[in-house]
Amino acid sequence: MSQQNSFLVFSGTSTRYLAEKICTSLGCPLGNLVVTRFSDGEFAVSYEESIRGRDVFLVQSTFPNSDNLMELLLMIDAAKRASARNVIAVIPYFGWARQDRKDKPRVSIGAKLVADLLSVAGIDRLITMDLHADQIQGFFNVPVDHLYASGVILPYLQSLKLKDLVIASPDVGGSKRANTYAKYLGCPLVLCNKTRARANVVESMQIIGDVKDKNVIVVDDMVDTAGTITKAADIMKAAGAKSVRACASHCVMSGPASERVQNSALEEIVFTDSIPYSQRSAKVKQLSVADMFAETIKRVVNNESISSQYLV
């Protein structure tokens, strides 16, 4: 069996747009999988071609609603029962990742639960991108290939050719990621210190560092309601920043996010296409990670190094 015929790529319903681009990059057809939905909301998946003895790559981000996760679990189970050689979950956006620890009494650790569900369903490997917390890789007992959106975002930022550049982190927790960007681009780092009233609500924010007459790029892993990132942009603009842009790996953009971005001091916000974005805002730009995932799939099939494709 040739390398080209030794693997197949299938997609869940919500991530088909990305899976098609990955297959175009790989030069292979997208596998034929049917999802049957019943009137009560239940659904079933079936592979419409033989996958016996093949490496099966299942592309599905697990963003809300939870049907996306359930669909992926059924795809994994069906692949194992159809005698696939290896089942590799390709999850560009790994949902529930913000619940990675017990930060107060009597709460679940959702990221660990999702890891257990995927493991019990039967994955042999996970390929994902920019987990909310790197240590989530340790929740799995199978190999995890953790990719970084910096591979597509950094070249775009360099193409802007901005002078007096400063990289900013919207909170202390994201300082490691922002520092990596600042080192690569050879520019200073600024931090925002925020306190939350409750989930998704920022109470106050202060800037640690100088942004006066600077072109600022705020770096984050995801933007949900856009409360933090737009508040940071407005404060930096008020503090004398020449321009404020933002970049993040995952375009969650729920609730009032699009409106907030449109009405904020942000000139532009750059995401990858790990999550589809339908509520269009003129300030939102999406860069595709299809080629990066396609290259990773190739390297997994050929047992080649994956880390050698990382920029940082």
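Residues numbered from 1 in each chain as written. Predicted model: local features only at pLDDT ≥ 70, side-chain atom pairs only at ≥ 80, totals over all residues. Heavy atoms only, no water.

1. Some details on the pairing of strand β2 (residues 33-37)
As paired elements, β2 and strand β3 (residues 43-47) share five bridges and run antiparallel to each other. Across the sheet, residue V34 finds its bridge partner in β3, namely S46. Here β2 hands over to β3 after five residues, with G41 in that stretch at a positive phi of 100°. (Pairing = 2+ DSSP bridges. Helix = DSSP H or I, 4+ residues; strand = E, 2+ residues; numbered from the N terminus.)

2. Considering the packing of helix α4 (residues 150-159) against helix α5 (residues 175-185)
Relative to each other, α4 and α5 sit at 45°, their axes nearing to 11 Å. In this view, α4 runs oblique relative to α5, as classed from their interaxial angle. By crossing handedness, the relation of α4 to α5 is classed as right-handed. Counted together, S150, I153, L154, L157 and Q158 of α4 and Y181, Y184 and L185 of α5 form the full contact between these two elements. Per-class residue counts for the contact of α4 with α5 are six nonpolar, two polar and no charged. (Axes fitted to C-alpha atoms, helices over the stretch in contact; angles between N-to-C directions. Parallel < 35°, antiparallel > 145°, perpendicular 65-115°, else oblique. Left-handed = near helix turned anticlockwise from the far one by under 90°. Contact = heavy atoms within 4.5 Å. Nonpolar A, V, L, I, M, F, W, Y, C, P; charged D, E, K, R; others polar.)

3. Let's talk about the packing of helix α1 (residues 16-26) against helix α8 (residues 290-301)
With their axes 8 Å apart at the nearest point, α1 and α8 run at an angle of 60° to one another. As summarised for this structure, α1 and α8 are arranged oblique, according to the angle between their axes. When you trace α1 past α8, the crossing you get is right-handed. Contact residues: α1 offers L18, K21, I22, S25 and L26, while α8 offers A290, D291, F293, A294, I297 and K298. Among the residues making up the contact of α1 with α8, the classes are represented as seven nonpolar, one polar and three charged.

4. A word on the domain arrangement of the protein
Under the domain assignment, the protein is made up of domain 1 (5-146) and domain 2 (148-286). The distance between the C-alpha centroids of domain 1 and domain 2 comes to 29 Å. Domain 1 puts 15 residues into the contact, and the matching count from domain 2 is 15 residues. Interface area for domain 1 against domain 2, summed over the two sides, is near 1400 Å², with a carbon-plus-sulfur share of 52%. Of all residues in domain 1, Y93, M129 and D130 bury the most surface against domain 2, accounting for 41% of the area lost on that side. For the pair domain 1 and domain 2, the number of links is three salt bridges. Viewed at the interface, domain 2 and domain 1 are joined by 11 residue pairs in polar contact (both at pLDDT 80 or more). Sort the elements by how many residues they give to the side of domain 1 that touches domain 2 and α1 lands first, with three residues. Classifying every residue of the side of domain 1 that touches domain 2 gives seven nonpolar, four polar and four charged. (Domains from an automatic or database assignment. Buried area = accessible area lost by both parts, 1.4 Å probe. Salt bridge = Lys/Arg side-chain N within 4 Å of Asp/Glu carboxyl O. Polar contact = N/O pair within 3.5 Å; in protein donor to acceptor, adjacent residues only side chain to side chain.)

5. Let's talk about empty space enclosed by the protein
Counted according to the given criterion, the structure contains one cavity of 30 Å³ or more. Its boundaries defined by the atoms lining it, the largest cavity holds a volume of some 40 Å³. In terms of lining, the largest cavity is formed by Y148, S150, G151, M292, Q309, Y310 and L311. For the lining of the largest cavity, the class distribution of residues is four nonpolar, three polar and no charged. (1 Å grid on protein atoms, 1.4 Å probe; cavity = no way out; pocket = protein on both sides within 12 Å on 5 of 7 lines; lining within 4 Å. Points joined across faces, edges and corners; volume = space filled by probe spheres on them.)

6. Some details on the pattern of salt bridges
Here the structure, examined in full by the defined rule, presents 15 salt bridges. When salt bridges that share partners are traced, they join R245, E267 and E268 into one network.

7. Thoughts on the UniProt feature "binding site: Mg(2+)" (unreviewed entry) in the protein
The residues that UniProt annotates with the feature "binding site: Mg(2+)" (unreviewed entry) are H132 and D171. With the annotated positions falling across 40 residues, the maximum pairwise C-alpha distance of 13.2 Å places them together in a single cluster. Note that H132 resides in the loop between β6 (125-129) and β7 (144-147). The residues touching H132, leaving out its near neighbours within four places in the chain, are A97, R98, R177, D221 and M222. At 2.6 Å, the side chain of H132 forms a polar contact with the side chain of D221. Each residue touching D171, except ones within four places of it in the same chain, is listed here: C192 and K194. (UniProt positions renumbered as here; feature names shortened; annotations may be inferred.)

8. A closer look at helix α6 (residues 227-238)
Taking 1.5 Å as the rise per residue, α6 with 12 residues should run 16 Å; its terminal C-alpha atoms sit 17 Å apart, in good agreement. Within α6 the residues assigned to the buried category are G227, T228, I229, T230, A232, A233 and M236. (Expected span 1.5 Å × (residues − 1). Buried < 20%, exposed > 50% of the residue type's maximum accessible area, 1.4 Å probe, protein only.)

9. Some details on the nonpolar core
Membership of the largest hydrophobic core comes to 41 residues, with the highest contact counts inside it found for I22, F57, I127, F293 and I297. L8, L58, L69 and L73 belong to the second-largest nonpolar core, a separate cluster that totals 34 residues. (Core = buried A, V, L, I, M, F, W, Y, C linked by side-chain atoms within 4.5 Å.)

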